[in-house]
Amino acid sequence: MQKYDILIIGGGPSGLSTALHIARDFPNLSPRILILEKAHYPRPKLCAGGLVIDAEVILQNLGLDVSEVPHVDADRIHFDFEAKGLNIRVPNRHALRVIRRDEFDNWLAGKTKSKGIEIREGIKVKNVQLFDNEVIVETDQGDFHAQVLVGADGSNGVTRRYIIPNAPVHTARVLEVLTPTQPSPKFNGFKEGREGAYFDFFPVLTNIAGYVWDFPTQVNGEAMRCWGIYDTNILANEKRPQLKEPLANEMSRFGFDLEKYEVKGYPIRWFSPKNQMSVPRVLLVGDAAGADPFLGEGISIALGYGALAAREIGEAFQQNEFSFNGYRCRVLRSALGQILIARWVIAHIVYLFKWRWFQILVWRILKPIIILLAWIFALNWGKRMPSNL
Ligand SMILES: Cc1cc2nc3c(=O)[nH]c(=O)nc-3n(C[C@H](O)[C@H](O)[C@H](O)COP(=O)(O)OP(=O)(O)OC[C@H]3O[C@@H](n4cnc5c(N)ncnc54)[C@H](O)[C@@H]3O)c2cc1C
């Protein structure tokens, strides 16, 4: 029988961040942690890899410098409606850093191991059983017993399904495509390379409650662009086109034929203020608890959940009390919780008020007001997270 005090299922940003924050804030607990990861690093993870400033701030607070990971920086982020809108720059720095998730997660796992935290790769969790005095996790390589379990196994994870089986699930559908930076030489239209990272909300008019994106990136050192489409599914009951359609239209404006590239899809489970995030002895973090509903941004969010879960777990061991009754409140009251609530509200306004005039008003006419509101309510939250005990 394998027994651990803290078992973390999933070695993505949320699981690794939880372990790293425990190691920083409650170092006596770090030898008592085990992370179970079903894949082997560096493992693929479908993601555009856009890191906002808050992700970098949280990593800095852990003493980590993400510039060690191969990356491409976008100096501005454009929020457009039908190719025109507002753009955000951050004084004296990049607006968005774009990494590849295989490289980023491998780097973060290496940092976690260097703190003496054990990660076992290639072990898949199959079932979770709750008891008053422990949790038993069944895997393809035997059972593990734990005092506390952290479900960091992402949008499709098993933990949430077993511990909160009947909870309503809000899941966005997302498609992603990688292309070269330049279209085929035969293309006669707009050929200049696009600078920066783009979000265009034009699909909102067709009941796709989301946007098309286009980011600069690199794959094995070669400059590429990452395109994709995000749909929260808030308007799932309305008539909508195939998700590929608006993405293909946007890419064709720049000379790329979607049919020539491999399209991959994966869901994102998003945050709702009503989401349950714990039961006695088990906490959820990252996508398992809920990512940003507005943009589907989840890396900084996953890192932020890790900071809060670590506090909750450290205090539980100090008090020998594992109900985790206060975890949801801790999340909702934190800077992370406040921006998640703000983005949940913004998603319901921007995607439900789907008239052209409203989108033009938001993205083109009210620019300064929108930038100010976004700065106050939806961005720049990482520095308000607990940075040390
Ligand atoms: C197409 C797409 C594009 C995106 N683009 C961005 C972006 O640009 N910026 C951004 O911030 N966010 C983006 N996101 C969201 C982001 O990828 C997620 O929010 C983030 O990965 C959540 O981290 P996590 O640690 O909670 O889960 P994950 O990263 O999904 O990690 C979960 C881990 O658990 C492991 N696991 C799962 N099940 C088991 C099991 N049964 N046993 C053991 N291990 C298990 C998995 O192998 C994985 O390593 C995107 C998502 C998608 C789908």
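Residues numbered from 1 in each chain as written. Predicted model: local features only at pLDDT ≥ 70, side-chain atom pairs only at ≥ 80, totals over all residues. Heavy atoms only, no water.

Regarding the pairing of strand E14 (residues 210–219)
Put simply, the rule reads: Classification of residues uses two cut-offs on accessible area relative to the type maximum, computed with a 1.4 Å probe and protein chains only: under 20% is buried, over 50% is exposed, and between them is partly exposed. The way it works is that DSSP assigns letters per residue, a run of H or I at least four long becomes a helix, a run of E at least two long becomes a strand, and they are numbered from the N terminus. In this analysis, strands are considered paired if DSSP registers two or more bridges between them.
A large share of E14 lies buried, amounting to nine of its ten residues. Where E14 lies against strand E15 (residues 222–231), ten bridges are found, and the strand directions are antiparallel. When the bridges of E15 are listed, phenylalanine 215 appears paired with cysteine 226.

Some points on the site of the ligand
Just so we agree on the cut-off: If a single non-hydrogen atom of a residue is within 4 Å of a molecule or strand, that residue counts as near it. Identification of polar contacts relies on pairs of N or O atoms within 3.5 Å, with a donor-acceptor requirement for protein atoms, meaning one able to donate a hydrogen and the other able to accept it, and with residues adjacent in sequence counted only if both atoms are side-chain atoms. Residue-level accessible areas treat just the shown protein chains as cover; the underlying method is Shrake-Rupley with a 1.4 Å probe. Each residue gets one of three labels, nonpolar for Ala, Val, Leu, Ile, Met, Phe, Trp, Tyr, Cys and Pro, charged for Asp, Glu, Lys and Arg, and polar for the others, Gly among them.
Not every one of the 36 residues close to the ligand is listed here, only the nearest: Ser14, Glu37, Gly50, Arg101 and Asp287. In the model, an oxygen atom of the ligand is placed 2.6 Å from a nitrogen or oxygen of the glutamate 37 side chain. Its free accessible area being 1000 Å², the ligand has 94% of it covered by the protein chains. Sorting the residues of the shell around the ligand by element identifies helix H1 (13–25), strand E2 (33–37), strand E12 (171–180), E14, strand E16 (264–269) and helix H6 (299–319) as the ones contributing at least two each. Tallied by class, the residues present in the shell around the ligand amount to 16 nonpolar, ten polar and ten charged.

Section: the sheet that holds strand E6 (residues 84–88)
The cut-off we apply is this: Axis lines are fitted to C-alpha atoms, over the contacting stretch for helices. Their N-to-C directions set the angle, which ranges from 0 to 180 degrees. In this description, contact between two residues means that some pair of their heavy atoms is separated by no more than 4.5 Å.
Read from one edge to the other, the open sheet built from seven strands follows the order E6-E5-E13-E14-E15-E12-E16, with strand pairing classed as mixed. The open sheet has two free edges, formed respectively by E6 and E16, since each of these has just one partner strand. Each strand of the sheet is rotated relative to its neighbour by a mean of 25°, with strand direction disregarded. Bridge count for E12 against E16 is six bridges, and the pairing is antiparallel. Following the sheet pairing, glutamate 176 is matched in E16 by lysine 264. Lying over the sheet, helix H5 (residues 244–253) contacts E12, strand E13 (197–200), E14 and E15, oriented at roughly 140° with respect to E15.

Remarks on the nonpolar core
Applied cut-off: The criterion is simple. A nonpolar core is a set of buried Ala, Val, Leu, Ile, Met, Phe, Trp, Tyr and Cys residues joined through side-chain atoms within 4.5 Å.
In this structure, Ile6, Phe104, Leu108, Val137, Tyr305, Ile313 and Tyr327 are the most contacted members of the largest nonpolar core, which totals 78 residues. Tallying contributions element by element places H6 first for this core, with eleven residues. If you look at the next biggest cluster of nonpolar residues, it comprises 51 residues, including Ala172, Val177, Cys226 and Trp227.

Structural notes on the packing of H1 against H6
Short version of the rule: Note on angle classes: values under 35 degrees are labelled roughly parallel, values over 145 roughly antiparallel, values of 65 to 115 roughly perpendicular, and the remainder oblique. Less than a right angle of anticlockwise turn of the near helix away from the far helix marks a crossing as left-handed, whereas a clockwise turn marks it as right-handed.
Close contact between H1 and H6 brings their axes to 7 Å; oriented N to C, the two are set at 40°. Comparing the axis directions of H1 and H6 gives the class oblique. Our pair here, H1 against H6, has a crossing hand that is right-handed. For the pair H1 and H6, contact is made by Pro13, Ser14, Ser17, Thr18, His21, Ile22, Arg24 and Asp25 and by Ile299, Ala302, Leu303, Gly306, Ala307, Ala309, Ala310, Arg311 and Ile313, respectively. Classifying every residue of the contact of H1 with H6 gives nine nonpolar, five polar and three charged.

Quick notes on the pattern of salt bridges
To keep it simple, the criterion reads: When a carboxyl oxygen of Asp or Glu lies within 4 Å of a side-chain nitrogen of Lys or Arg, that pair is called a salt bridge.
In total, this model carries 23 salt bridges according to the counting rule given. Across the pair aspartate 105 and arginine 43 runs a salt bridge whose closest N-O atoms are separated by 2.6 Å. Of this pair, aspartate 105 sits in helix H3 (residues 101–114) while arginine 43 sits in the loop between E2 and strand E3 (50–51); the two residues are 62 residues apart in sequence, bridging distant segments of the chain. The partner of arginine 89 in a salt bridge is aspartate 75, and the shortest N-O contact between them spans 3.7 Å. Highlighted residues: arginine 89 in the loop between E6 and strand E7 (96–99) and aspartate 75 in the loop between strand E4 (71–74) and strand E5 (77–81), separated in sequence by 14 residues. One network of salt bridges, in which partners are shared, links Glu56, Asp73, Arg93 and Arg97.

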